[in-house]
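Here is what each chain is made of, one letter per residue.
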Amino acid sequence: FSMRTLLPLWGREVARTAVFEVFQEPMGGVRDPGARTVLSAWTHKRGLEIEGLQQKERIEAAHAHFQPFAWIIDPLNVLQTAVHFAQARAQEQAIVVMPRETLRVNHYVDLGSNTSRCRDELGGCEVPDSSITWAEEMVLSMREEAVAPLTAAP
(Lines give C-alpha, C1' and ligand atoms only; values in the text may rest on other atoms or scores of the structure.)
Protein backbone atom coordinates (compact mmCIF):
# COMPACT_ATOMS: atom_id res chain seq x y z
CA PHE A 1 0.00 0.00 0.00
CA SER A 2 1.04 3.58 -0.53
CA MET A 3 0.05 6.57 1.58
CA ARG A 4 0.07 8.55 -1.66
CA THR A 5 -2.76 6.35 -2.88
CA LEU A 6 -4.65 5.93 0.41
CA LEU A 7 -4.82 9.57 1.57
CA PRO A 8 -6.83 10.82 -1.43
CA LEU A 9 -9.17 7.83 -1.10
CA TRP A 10 -9.75 8.49 2.59
CA GLY A 11 -10.11 12.22 1.92
CA ARG A 12 -12.91 11.60 -0.57
CA GLU A 13 -14.89 9.73 2.10
CA VAL A 14 -15.26 12.90 4.20
CA ALA A 15 -15.88 16.23 2.44
CA ARG A 16 -13.38 19.04 3.05
CA THR A 17 -10.84 16.95 4.96
CA ALA A 18 -8.05 19.15 6.33
CA VAL A 19 -6.55 16.87 8.99
CA PHE A 20 -6.09 13.15 9.50
CA GLU A 21 -5.54 12.52 13.21
CA VAL A 22 -3.51 9.39 14.00
CA PHE A 23 -3.29 7.63 17.36
CA GLN A 24 -0.18 6.19 18.94
CA GLU A 25 0.57 2.73 20.21
CA PRO A 26 3.29 2.94 22.89
CA MET A 27 5.91 0.24 22.25
CA GLY A 28 8.74 -0.76 24.57
CA GLY A 29 9.74 -3.21 27.25
CA VAL A 30 12.64 -5.61 26.96
CA ARG A 31 14.76 -4.87 23.89
CA ASP A 32 15.52 -7.78 21.57
CA PRO A 33 19.35 -7.94 21.49
CA GLY A 34 19.27 -9.49 17.99
CA ALA A 35 17.13 -6.75 16.47
CA ARG A 36 18.37 -5.14 13.26
CA THR A 37 16.05 -2.11 13.38
CA VAL A 38 13.78 -0.39 15.87
CA LEU A 39 10.88 -2.30 14.30
CA SER A 40 12.06 -5.59 15.80
CA ALA A 41 13.82 -4.13 18.85
CA TRP A 42 10.61 -3.48 20.76
CA THR A 43 7.74 -5.79 19.86
CA HIS A 44 5.58 -5.31 22.93
CA LYS A 45 2.87 -2.72 23.39
CA ARG A 46 1.21 -1.31 26.46
CA GLY A 47 -1.79 -3.31 27.58
CA LEU A 48 -5.16 -1.87 28.41
CA GLU A 49 -6.65 -3.38 31.56
CA ILE A 50 -10.33 -2.46 31.69
CA GLU A 51 -11.94 -5.64 32.99
CA GLY A 52 -13.77 -5.04 36.24
CA LEU A 53 -13.99 -1.27 35.71
CA GLN A 54 -17.26 0.61 35.62
CA GLN A 55 -18.33 2.05 32.24
CA LYS A 56 -17.11 5.59 33.03
CA GLU A 57 -13.77 4.24 34.29
CA ARG A 58 -13.41 2.06 31.16
CA ILE A 59 -13.97 5.08 28.92
CA GLU A 60 -11.47 7.16 30.90
CA ALA A 61 -8.88 4.36 30.78
CA ALA A 62 -9.34 3.98 27.02
CA HIS A 63 -8.95 7.75 26.49
CA ALA A 64 -5.79 7.79 28.60
CA HIS A 65 -4.38 4.82 26.69
CA PHE A 66 -5.20 5.87 23.13
CA GLN A 67 -3.90 9.42 22.80
CA PRO A 68 -3.75 11.37 19.55
CA PHE A 69 -0.11 11.44 18.55
CA ALA A 70 0.38 12.75 15.05
CA TRP A 71 -1.51 14.10 12.12
CA ILE A 72 -1.30 14.38 8.38
CA ILE A 73 -2.44 17.83 7.34
CA ASP A 74 -3.28 20.00 4.38
CA PRO A 75 -0.94 22.92 5.31
CA LEU A 76 -3.11 25.48 3.50
CA ASN A 77 -6.17 24.55 5.53
CA VAL A 78 -4.80 24.15 9.05
CA LEU A 79 -4.94 27.14 11.36
CA GLN A 80 -2.52 25.91 14.01
CA THR A 81 -0.73 22.88 15.35
CA ALA A 82 0.46 21.93 18.82
CA VAL A 83 2.40 19.00 20.22
CA HIS A 84 -0.26 16.38 19.46
CA PHE A 85 -3.14 18.39 17.99
CA ALA A 86 -4.03 20.30 14.84
CA GLN A 87 -6.90 22.70 14.18
CA ALA A 88 -8.61 23.11 10.83
CA ARG A 89 -8.78 26.67 9.45
CA ALA A 90 -12.57 26.84 8.95
CA GLN A 91 -15.56 25.30 10.70
CA GLU A 92 -16.69 23.48 7.57
CA GLN A 93 -13.39 21.62 7.29
CA ALA A 94 -13.14 18.11 8.67
CA ILE A 95 -10.72 16.44 11.04
CA VAL A 96 -10.81 12.72 10.30
CA VAL A 97 -9.84 10.55 13.25
CA MET A 98 -8.23 7.46 11.79
CA PRO A 99 -9.30 4.16 13.38
CA ARG A 100 -6.35 2.56 15.15
CA GLU A 101 -7.00 -0.63 13.20
CA THR A 102 -6.54 1.28 9.90
CA LEU A 103 -3.54 3.49 10.69
CA ARG A 104 -1.51 4.08 13.82
CA VAL A 105 1.92 5.39 14.82
CA ASN A 106 4.11 3.06 16.85
CA HIS A 107 5.70 5.24 19.52
CA TYR A 108 8.95 3.57 20.59
CA VAL A 109 9.06 5.13 24.05
CA ASP A 110 12.18 3.23 25.14
CA LEU A 111 14.26 4.27 22.12
CA GLY A 112 17.19 6.39 23.28
CA SER A 113 16.55 5.70 26.96
CA ASN A 114 18.81 3.89 29.41
CA THR A 115 15.76 2.72 31.36
CA SER A 116 12.33 1.55 30.33
CA ARG A 117 10.04 4.57 30.10
CA CYS A 118 7.30 2.17 29.11
CA ARG A 119 7.67 0.32 32.42
CA ASP A 120 8.39 3.35 34.63
CA GLU A 121 5.93 5.88 33.17
CA LEU A 122 3.24 3.86 31.39
CA GLY A 123 2.90 0.77 33.55
CA GLY A 124 4.72 -1.59 31.22
CA CYS A 125 4.66 -2.90 27.67
CA GLU A 126 3.84 -6.57 28.02
CA VAL A 127 1.44 -7.35 25.15
CA PRO A 128 3.22 -8.97 22.17
CA ASP A 129 2.74 -7.08 18.90
CA SER A 130 5.07 -7.78 16.00
CA SER A 131 2.64 -6.48 13.37
CA ILE A 132 5.17 -4.02 11.87
CA THR A 133 8.11 -6.44 11.51
CA TRP A 134 6.98 -7.26 7.94
CA ALA A 135 8.57 -3.92 6.94
CA GLU A 136 12.00 -4.57 8.45
CA GLU A 137 13.58 -6.05 5.30
CA MET A 138 12.33 -3.08 3.28
CA VAL A 139 13.80 -0.63 5.81
CA LEU A 140 17.15 -2.44 5.72
CA SER A 141 17.12 -2.40 1.92
CA MET A 142 16.40 1.35 1.82
CA ARG A 143 19.16 1.95 4.39
CA GLU A 144 21.61 -0.02 2.27
CA GLU A 145 20.66 1.94 -0.87
CA ALA A 146 21.14 5.24 0.96
CA VAL A 147 24.53 4.26 2.41
CA ALA A 148 25.97 2.64 -0.75
CA PRO A 149 26.81 5.92 -2.57
CA LEU A 150 28.52 7.25 0.56
CA THR A 151 30.81 4.24 0.87
CA ALA A 152 31.56 3.68 -2.83
CA ALA A 153 35.18 4.00 -3.89
CA PRO A 154 35.91 7.10 -6.05
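Criteria and thresholds
Counting from 1, residues in each chain are numbered in the order their sequence is written. Where totals are concerned, whole chains, interfaces and linings use all residues; where local detail is concerned, this predicted model gives features only for residues with pLDDT of at least 70, and gives and counts side-chain atom pairs only at 80 or more. Excluding hydrogens and water, the side-chain values take into account all heavy atoms of the structure. Strands were regarded as paired on the criterion that DSSP finds at least two bridges between them. We count a stretch as a helix when DSSP gives it H or I for four or more residues in a row; a strand needs E for two or more, and each element gets its number in order from the N terminus. Buried Ala, Val, Leu, Ile, Met, Phe, Trp, Tyr and Cys residues form a nonpolar core when they are joined through side-chain atoms within 4.5 Å. A 1.4 Å probe rolled over the protein chains alone gives each residue an accessible area, and that area as a share of the maximum for its type sets the label: buried under 20%, exposed over 50%, partly exposed in between. Residues are treated as being in contact if the distance between any of their heavy atoms lies within 4.5 Å. Two distance rules govern patches: like charges are joined within 9 Å, and nonpolar side chains (Val, Leu, Ile, Met, Phe, Trp, Tyr) within 5 Å, applied only to residues with over 30% relative accessible area and no salt bridge. Residue exposure ignores everything except the shown protein chains as possible cover, and the areas themselves are Shrake-Rupley values with a 1.4 Å probe. Salt bridges are defined by distance alone: a side-chain nitrogen of Lys or Arg within 4 Å of a carboxyl oxygen of Asp or Glu.

I keep staring at the pairing of strand S4 (residues 78-81) and nothing clicks. Help me out?
Regular strands place their side chains on alternate faces of the sheet. As paired elements, S4 and strand S5 (residues 86-88) share three bridges and run antiparallel to each other. If you follow Gln80 over to S5, its bridge partner there is Gln87.

I'm lost on the nonpolar core in this one. Help?
Grouped burial of nonpolar side chains is what soluble globular proteins tend to show. Among the nonpolar cores identified, the biggest contains seven residues, and these are Met27, Ala35, Leu39, Ala41, Trp42, Tyr108 and Ala135. Once you skip the residues sitting within four places of it in the chain, Ala41 turns out to touch Val30, Arg31, Asp32 and Ala35.

Teacher, can you tell me more about a nonpolar patch on the surface here?
On the surface, a cluster of nonpolar side chains totalling about 360 Å² of accessible area is made up of Trp134, Met138 and Met142. You can see Met138 is positioned in helix H5 (residues 136-151). Assessed through its relative accessible area of 49%, Met138 is described here as partly exposed.

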